[in-house]
Amino acid sequence: IEDTAIAMKFFGSQYDIHGGASELVFPHHEAEIVQAEAFTGKRPYVGYWLHTGLLNMGGRKMSKSRGNMICNRDILKSYDFRVLRFYLTSHHYRHKINFGEARLKEAGDELGSQVEVIDRFRELSASARSRTQPRLVRELEGLKILFMKAMDDDFDTPTALRVIQRMVNRLR
């Protein structure tokens, strides 16, 4: 009841997105739905439920009780928030993630490479790109459509990031 009351206080009787780990689907989130909809008479309580896979460290579920936990604030002492965001979104939100320092470093290197290429491309004026490389512009527009389709398909960020990598490869 506490979670439902807090959510309703801050988000209202209906809101768009609710997240939580896959282990909370039943009974926790099912109970929230029943409580909120019975109390308000409004359906649906939440438009989209994003149930995430578990985060593992060393092949085991990350948890305080196991002592294999790392906080975001500790990661952010060594890595830019964009690297952490890139690393996490390179996995589908419903799949488990095997967290590791080496994987985070790889994500940072990949992101840095992509940003460098995209920044160089941005330096060209939009009009110069369209005048001198209309085929490239059409290809990039097609990739943008593929990106949007991936995001519309259950928030498929790994596929969307592969599309961005195709863009970067095309711009090299």
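This section reports on the structure supplied with the text. Just so it is clear, the model here is predicted, and its values are computed rather than measured. (Residues numbered from 1 in each chain as written. Predicted model: local features only at pLDDT ≥ 70, side-chain atom pairs only at ≥ 80, totals over all residues. Heavy atoms only, no water.)

1. Comments concerning the packing of helix H5 (residues 101-123) against helix H8 (residues 157-171)
So the rule is basically this: Fitted lines through C-alpha atoms serve as axes, helices being fitted only where they are in contact, and the angles separating the N-to-C directions of these axes extend from 0 to 180 degrees. Numbered from the N terminus, helices here are DSSP runs of H or I no shorter than four residues, and strands are runs of E no shorter than two. Working rule for angles: under 35 degrees goes down as roughly parallel, over 145 as roughly antiparallel, 65 to 115 as roughly perpendicular, anything else as oblique. For a crossing to be left-handed, the near helix must be turned anticlockwise from the far one by less than a right angle; the clockwise case is right-handed. What makes two residues a contact is simply this: any of their non-hydrogen atoms within 4.5 Å. Amino acid classes used here: Ala, Val, Leu, Ile, Met, Phe, Trp, Tyr, Cys and Pro are nonpolar; Asp, Glu, Lys and Arg are charged; the rest, including Gly, are polar.
Their axes nearest at 10 Å, the elements H5 and H8 cross at an angle of 50°. It follows that H5 is oblique to H8 by the angle criterion. Relative to H8, H5 is oriented so that their crossing is left-handed. For the pair H5 and H8, the contacting residues are Glu 110, Gln 114, Val 117, Ile 118 and Phe 121 in the first and Leu 161, Ile 164, Gln 165, Val 168 and Leu 171 in the second. Residues of the contact of H5 with H8, tallied by class, amount to seven nonpolar, two polar and one charged.

2. Here's the deal with the packing of aromatic side chains
The condition is simple: In this analysis, rings of Phe, Tyr and Trp, with Trp reduced to its six-membered ring, are considered paired at centre separations within 6.5 Å, and the interplanar angle assigns stacked below 30 degrees, edge-to-face beyond 60, and tilted for intermediate values. Each residue gets one of three labels from its accessible area relative to the maximum for its type: buried under 20%, exposed over 50%, partly exposed in between, using a 1.4 Å probe on protein chains only.
All told, the structure shown has four aromatic pairs when counted by the stated rule. For the pair Tyr 87 and Phe 99, a centre-to-centre distance of 5.7 Å together with 80° between the ring planes defines the contact as edge-to-face. Taken together, the residues span a long stretch of sequence, with Tyr 87 in helix H4 (residues 81-89) and Phe 99 in strand E5 (residues 97-99) at a distance of 12 residues. Owing to a relative accessible area of 9%, Phe 99 belongs among the buried residues under this scheme.

3. Brief notes about the nonpolar core
Note the threshold: Each nonpolar core is a collection of buried residues, namely Ala, Val, Leu, Ile, Met, Phe, Trp, Tyr and Cys, held together in the definition by side-chain atoms within 4.5 Å.
Counting 12 residues, the largest nonpolar core consists of Ile 75, Tyr 79, Val 83, Leu 84, Phe 86, Tyr 87, Ile 97, Phe 99, Leu 104, Ala 107, Leu 111 and Leu 161. At the level of secondary structure, the elements contributing two or more residues to this core comprise H4, E5 and H5. Counting residues per element, this core draws most heavily on H4, at four residues. Residue contacts for Ala 107: discarding those within four places in its chain leaves Val 83, Phe 86 and Tyr 87. Counting six residues, the second largest nonpolar core, distinct from the first, contains Ala 7, Tyr 15, Ala 36 and Tyr 45.

4. What about the pattern of salt bridges?
Selection criterion: Any carboxyl oxygen of Asp or Glu that lies within 4 Å of a side-chain nitrogen of Lys or Arg is treated as forming a salt bridge with it.
Counted under the stated rule, the structure contains eight salt bridges. Asp 80 is paired through a salt bridge with Arg 82; the nearest N and O atoms lie 2.8 Å apart. Given a relative accessible area of 42%, Arg 82 falls into the partly exposed group. Salt-bridge contacts for Asp 154 lead to Arg 94; the nearest nitrogen and oxygen are separated by 2.2 Å. Here Arg 94 lies in the loop between H4 and E5 and Asp 154 lies in the loop between helix H7 (134-152) and H8, a separation of 60 residues in the sequence. A relative accessible area of 29% places Asp 154 in the partly exposed class. Shared partners join several salt bridges into a network, and the residues in it are Arg 135, Glu 139 and Arg 170.

5. Regarding helix H2 (residues 25-40)
An α-helical segment advances 3.6 residues per turn. Residues three or four places apart therefore align on the same side. Applicable threshold: In this analysis, the expected span of each helix is defined as 1.5 Å times one less than the number of residues it contains. Think of it as the arc spanned by the lines of direction from the helix axis to the C-beta atoms.
For H2, with 16 residues, the first-to-last C-alpha span of 21 Å sits near the 22 Å given by 1.5 Å per residue. Turning to H2, its buried residues number three or more, namely His 29, Glu 32, Ala 36 and Glu 37. Down the axis, H2 shows its buried residues gathered within 110° of arc, on one side only. Facing away from the buried side of H2, by more than 90 degrees, are the exposed residues Phe 26, Pro 27, Val 34, Ala 38 and Phe 39.

Coordinates in, geometry out; function isn't part of it.
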